[in-house]
Amino acid sequence: MNSLDLFRNPFSDYNANAMDTKKILDYWCSPFSFFKSPISEQDIYQHDMPIVFMGGRGTGKTMFLKYFSYPVQRDEALRKIASGISGNILSFIKSRGGIGFYLRFDGPVLRSFEGKGLKPEIWDAVFTQYFELQVCKSYIEVILDLVKREQLPRDEIDKEFVVRVSQKLGASAGKCRCIEDILSVVENMLEEITSFRAKIGFSSVQFVPSKPFAAQDLSFGIVEIAIETINEFKDGVKFVIMVDEYENYVERQQVILNTLLKFVTPGITFRIGMRLEGFHTYDTISPKEFIKEGRDYTKFVFEDILIKDQQHGQRYGRFLMNVAQKRLETVQEFRERKFLNISLFLGKRENLEEEACNLIGNEENKTKHFDILSRTELLRTKLDDKAIKNIKRVISKPENPLLEVLNILWIIRGVEPKTIKKAMDEYLEKVSSPLAKKYGLDYVNKYKLSLMILLASIYRKPKMYYSFNTFCFLSSGIVGSFIDLCRRSFQYAYFEDPDTLLGKGLIPNHLQNRAARDMAKTELEMANRIQNYGHNLYLFAKNLGNLFEKYQKDPLMRYPETNQFTIDASIRGDRELDDMFKTALQWSIIQAKPSLQGQTPGASKTDIYTLNRTFSPAFDLTYRTRGAYSEKLDASYFKALMTQDNVKIRFGPRGKKAGGKSVKPKSKEGLQQRLI
Amino acid sequence: MPKIRSKEYNMQLLHPGHHDVITEYDYLLTACGSDFRAYQILRMSRDFGVLFRKVLFFNFEERHSCLDSTLLEAYQSYEGLGLNASLIGCSIKDPSTCVKALRDSDPDFRSATKVALDISCFTKPYFFCLLKYLKEQTMISDVTVFYTEPMSYVFSKGLYQSYHSTSGPLSVMEIPGFPGNDTRTTKKVLVVLLGFDGELSSFITEDVAPDDTLVINGFPAYAPKFKEISLINNEKLLISSATGPVLYSRANSPFEIFNLLEHLYEKETSAFFNIAPIGTKPMALGACLFALVYPAVRIVYPLPQKYADVTTQECWNSWSYEIPFRTT
Amino acid sequence: MLIYFNSRYGNENKNAGKQKMSIVLPSEEELFYQIMLTVDNVWDNKLSKKDIEKWLCNFNGAVFPVADERRLALYVLSSFVYYNENEVRHLCRTLFSDYLHWMLLHEKDGNSDVERKLDSIVYTSSFCPLGKPGESGAFVLYYFRQENNIGTKQMSDALHPPSYTKTVVLVDDVTISGDQANAYVRMADKSKRNVLLTFIASKDATEVLCNNGIQVISCITLDERSKFFSNDANLYRDFRSSFEDCKRFAEEYGAKSMTYQEKPVEPLGYKNSQYAFGFFYNTPDNSLPIFWADNQGWTPIMKRYEKFEEVPYREFPRFV
């Protein structure tokens, strides 16, 4: 068997739902080790108030909740014990302060509790019965597991806990002698519901359970009994109910669960995983009561932490490297050759100068970018051919087309060619002068990427997307997106250039670029499939992409790298537009920037949104967010972007004339940050 | 599980030609559609040696309301066949209500003994519900199911990944009457009968989130290349390590898939078995029969906002399958 | 719809005077991507891009501009059907199951117990390869025996089966012309039932053999849709206008590929079969020669191990 036979794409698993406890432990990368977070690892179990974890698809919510649930924590304890650390499963759990009960009901089963000619109120009762029994079952299974592993004393459990629980479960449980009998009774009761669901589709059958349960009867009641009767739980072990994919619950089901959230009792709390805007309602079953962030639950948004860091720190990059390393370690070939650093596979960052040279390398006319100078509408005074020729002679730098484009920009902004040449020469010679400093700031910090995008558009060629730094940005704070980018890159590399991949631990730039473009295209098309407003979200993403593309290919670079926007308050007031907007956020088509910002530097603060950067390659957009200017969407424009194809793009504010002064915001612009 | 006794299955390729014996049916249940296959069995009934005393046409409001004139003409072409027919109005999204109303829609139906069902143009949720209804609410002991293969499928630009059978948002549902039973199971297994539309399998897998996924490819397929197209288009599902090695079952035989499912089910005694029948209709038929025999099995299916108007071209072979309801 | 293809390679000089192809095909990148997925998910990673590029070098602009020919070749390659080992094993199981089913329907022995009947059928069947030892029939029979758990006692020589045999069951992989089976029929014992189990059979061969006393049971029946250049071919459903161009391409390069071939066949395959399929162990000569020809003038993409009655010349190494 050669290395080709042994190769398995290390990034092929990216759905935590499909991972067993071993894989979760193998791939677990604690975010607490990397990021400053408003909650700590201890809070997962010990924070009294329910916590709602929000994040887009692929941000790691399921991985997170599953990690803190009992099966994984138990296996982690066993690993530690096996490695020589003293203790047992129960002591390990108690040191954490709680037990996590992971609950995930898939969409099909949740949706089965409606329709079929039955009134919603009846389905509420059936669903409540179902939920209560499922929670009860999860408690009993964990306690049973602890008993079987001799962490809890069986005779004590049977004597008190079993007796009290069987009383709660009613007459059918009267003959329960042990915890296994309790489990059996609960399962029988669940089967009553299943049987009802099977028949209701074809006949008007009644739901008559052997014992009906109201909300809290079992979900809270069993915990009370456990705390009262099981000594090991008496000293503050919390029962943490982890409900994943809350957005799958229909509105009426969320009302029932919101009520539980609001009225948690000591010893119990909830951790909810959901998409952004996953709450369909904040109502509870009491008409006057509703749940409110801060008062009834704490909200924690994954992307906020990750995106915020992406702009101001390098921890996100290190986190992703760690995530990738764990996966690379699973491939023997990479392990043996110590190819475990993803940034080496991909290259740390782009080499834009090289990319620019390659871009125009095969062109017959390698100075096509100078044709901008003939565009009279951009310049204050018209330049004749001779003047352009002279300018070209002075500001040319064939070895670096990006510098040439910058020089052209300075010409358009009214700087004299000789001054430009001086600035460029001083910058290149590292002379410490204000002119060189200004030139360097413009080139490196402000415009380099924009210059590359502009150059590509002039030569009608696509911008390349490659390097670890770029992939980090493209992933937009969503770990799953980063993994998918890597997966595709490795897939291409394995097919097209396995020798370089396995022998040198490198992936050529053009293959990474192809992966990024494929992913952008696929994600854009997948928007159509989103359950609510799918096609609208597709149009919105497409129109926004076209809009920002216009900014980014502006030869004047009036608002370079603009890819953010604000919305008019009236949008949130229109029910349908607001729904569409929330769905776009929920599915991470757009993302909110972490904190309120001014629409333009110096303006009053408002929420600012960006198009998910995964889509950038589809429109040749920047993958950064500059923060200089935000496009403002009023209600009618927003509606057009959401509902029409190929909307006529309104370009810009508005006001930079040809040859005018450069756009200098009054306050400091956001600086480009490298992740590594 | 008790030892299962073997029995012969009955699956016939329908040949046009002279037939000494004509098989008569009290009823044929069939779906209205603009696909050329929709009325192929009816058009060729004499040549195939079958006679239907009465035909119940399921007329879907979502289908006929948005067709252009050519497709509408094809949709309504059953009118020219001179049949003793009744139209049953129904909604593609709600098979449960339609099936419940079937009892009252034609009083004579209750006393029918020989019933046939043409699944060529029914959606899978529909014919699943119909078969369950026929099994549990009537005295019929077996049903003849007809199916006509398409000659080919539509691939834009010749690229296989361009195939889409649906458009718009998807929502994964339990087919009414097939919720299965997950109590007393320790893990969730999803069996995907692969189709050409890879988006469907990814969607379902993400929603159902099984512990293990088994994939069954229709092979031998209707045409040789089809067995590769389904694998290519389901690449995202196949690369996951939770997906087992590809299994195979003949694309036009419900009995072979039944055998395979039974074999797999026997090995997974503590698993909650879910089946997503997004492959061929004969395979789905086999899955339906399996779920009727083993009601602890759940059937999940992606309901789209809209089905694509045209995904296939012309007709190829027509088959009849004798589906027994009372198995020993 | 006739849209002329614009070359992406700027090789206008090279292609001067060549007729442009009247076809709209996916781009080379799209086709490579499709093939990559096929190789990854179906073809057991059998080919790399390097292998494909080597094969594409065969197409040097003799018929259309090079860029067009590359796309056409990739399109044809993406239509190839490859049967990997798992699939071949499955075909063995399917064949056996089909055989049992057919026998149940046709063997009337008054026995109503299906399982007993099946036991009897298996016991009185002798399984034999069609053709000689070392040919594909014998290779396939090995898998057939394994997959269906058949005792070696049931394996025999087709012409000398045990006395209790009622049915002689020949096993082979491909029967397109039926020549090999017909040759057997002439020598067969007509008192026994003769059945041919074959993975793939053509409709014509099936009919001919049935008339000659062999019942053919096949998993896959090749009909007109599978032939590359038939009117019902699936391949050109979207590109009807391209039919003649593609055929010309395949014929001319098919002829070229056969120039130095030791055992040449017609440009579109043996007896003009026009198929495009192969197995993990060999590619039949019924497939287009542009896939499998292997000689000084042609690089193959799907290897074919040729069958010779006698090997004319053999080289031996220095140390034996």
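Everything numeric in this text was worked out from a predicted model, so none of it was measured. (Residues numbered from 1 in each chain as written. Chains lettered and ligands numbered in written order. Predicted model: local features only at pLDDT ≥ 70, side-chain atom pairs only at ≥ 80, totals over all residues.)

1. With respect to the overall build of chain A
Condition: Secondary structure elements follow DSSP: runs of H or I no shorter than four residues count as helices, runs of E no shorter than two count as strands, and numbering proceeds from the N terminus. Any residue surrounded by 20 or more other C-beta atoms within 10 Å of its C-beta is treated as buried, while 12 or fewer makes it exposed and the intermediate range makes it partly exposed; C-beta atoms here are placed from the backbone.
A tally of helices and strands in chain A yields 30 helices and 11 strands. With the principal axes as the frame, chain A shows a C-alpha extent of 105 × 60 × 45 Å. Each of the 676 residues in chain A was classed as buried or not, and the buried ones make up 46%.

2. Describing the environment of Phe35(A)
Residues and elements named next belong to chain A. As for its placement among the helices and strands, Phe 35 is situated in the loop between α2 (21–27) and α3 (43–46). By C-beta crowding, Phe 35 is classed as partly exposed, having 17 other C-beta atoms within 10 Å. For the pair Phe 35 and Phe 113, spaced 78 residues apart in sequence, the C-alpha to C-alpha distance is 40 Å.

3. Comments concerning the sheet that holds strand β7 (residues 166–179) of chain B
Residue and element names in this part refer to chain B. As a reminder of what qualifies: Following DSSP output, two strands are said to pair if at least two bridges run between them. In this analysis an axis means a line fitted to C-alpha atoms, helices contributing only their contacting stretch, and an angle means the value between N-to-C directions, from 0 to 180 degrees.
Ordered in space as β7-β12-β11-β8-β9-β10, the 6 strands form an open sheet in which the pairing is mixed. Pairing within the sheet leaves two strands with one partner each, and these edge strands are β7 and β10 (247–249). Across this sheet, the average inter-strand angle for adjacent strands is 30 degrees, counted without regard to direction. Bridging between strand β11 (residues 271–277) and strand β12 (residues 298–307) involves 2 bridges; their strand directions are parallel.

4. Points about the domain arrangement of chain C
Under the convention used in this document: Each domain span listed reflects an automatic or database assignment of domains. When residues are grouped by polarity, Ala, Val, Leu, Ile, Met, Phe, Trp, Tyr, Cys and Pro land in nonpolar, Asp, Glu, Lys and Arg in charged, and all others, Gly among them, in polar.
When its domains are assigned, chain C resolves into domain 1 (1–79 + 228–320) and domain 2 (85–224). A class-by-class count of the residues in the side of domain 1 of chain C that touches domain 2 of chain C yields 5 nonpolar, 4 polar and 3 charged.

5. Re the sheet that holds strand β6 (residues 564–567) of chain A
Residues and elements named next belong to chain A. Strand order in the open sheet formed by 4 strands is β7-β10-β6-β11, and the pairing between neighbours is mixed. Strand pairing shows two members of the sheet lacking a second neighbour, β7 (590–592) and β11 (631–633), which therefore form its edges. Adjacent strand axes in the sheet meet at a mean angle of 35 degrees when their direction is disregarded.

6. Section: the pairing of strand β2 (residues 23–31) of chain B
In terms of strand pairing, β2(B) meets strand β3 (residues 50–60) of chain B through 8 bridges, oriented parallel. What sits directly across from Tyr27(B), in β3(B), is Lys54(B).

7. Focus on helix α10 (residues 179–200) of chain A
The following threshold applies: To estimate how far a helix should reach, multiply one less than its number of residues by 1.5 Å. Think of it this way: build a C-beta for each residue from its backbone, and any pair within 7 Å is a contact.
Helix length check: α10(A), at 22 residues, gives a terminal C-alpha distance of 32 Å against a target of 32 Å (1.5 Å per residue), a fit within 8%. Where α10(A) is concerned, the buried positions are Ile179(A), Ile182(A), Val185(A), Val186(A), Met189(A), Leu190(A), Ile193(A), Thr194(A), Arg197(A), Ala198(A) and Ile200(A). Contacts from the buried residues of α10(A) go to α8 (120–148) and α9 (154–169) of chain A together with β7 of chain B.

8. Quick word on the interface of chain C and chain A
Taken residue by residue, the interface counts 6 residues in chain C and 4 residues in chain A. With 3 residues, the top contributor of residues to the side of chain C that touches chain A is helix α1 (residues 28–41) of chain C.

9. Quick notes on unusual backbone geometry
Each neighbour pair has its own omega, and for Phe219(B) with Pro220(B) the value is -5 degrees, a cis peptide bond. Turning to its location among the elements, Pro220(B) is positioned in the loop between β9 (212–218) and α8 (226–233). With phi around 85 degrees, Gln216(A) is a residue other than glycine that occupies positive phi space. Overall, Gln216(A) belongs to the partly exposed group, with 19 C-beta atoms counted inside 10 Å. Despite not being glycine, Lys430(A) shows a phi value in the positive range, around 60 degrees.

10. Section: the interface of chain A and chain B
Of the residues lining the interface, 31 residues belong to chain A; the matching set on chain B comes to 34 residues. Elements with a contribution of two residues or more to the side of chain A that touches chain B: α7 (107–111), α10 and α26 (534–552) of chain A. Considering every element that reaches the side of chain A that touches chain B, the biggest residue donor is α10(A), with 6 residues.

11. Things to note about the environment of Asn612(A)
Among the structural elements, Asn612(A) can be located in the loop between β10 (609–611) and α29 (616–619). For the pair Asn612(A) and Gly505(A), spaced 107 residues apart in sequence, the C-alpha to C-alpha distance is 30 Å.

12. Quick notes on the nonpolar core
Heads up, the condition is: Only buried Ala, Val, Leu, Ile, Met, Phe, Trp, Tyr and Cys residues enter a nonpolar core, and they are joined through C-beta atoms within 7 Å.
Membership of the largest hydrophobic core comes to 349 residues, with the highest contact counts inside it found for Phe101(A), Leu537(A), Ala541(A), Leu130(B), Ile216(B), Ala287(B) and Leu170(C). The leading source of residues in this core is α8(A), at 14 residues. The residues contacting Leu537(A), other than those within four sequence positions of it, are Ala527(A), Ile530(A), Thr583(A), Ala584(A), Trp587(A) and Ile589(A).

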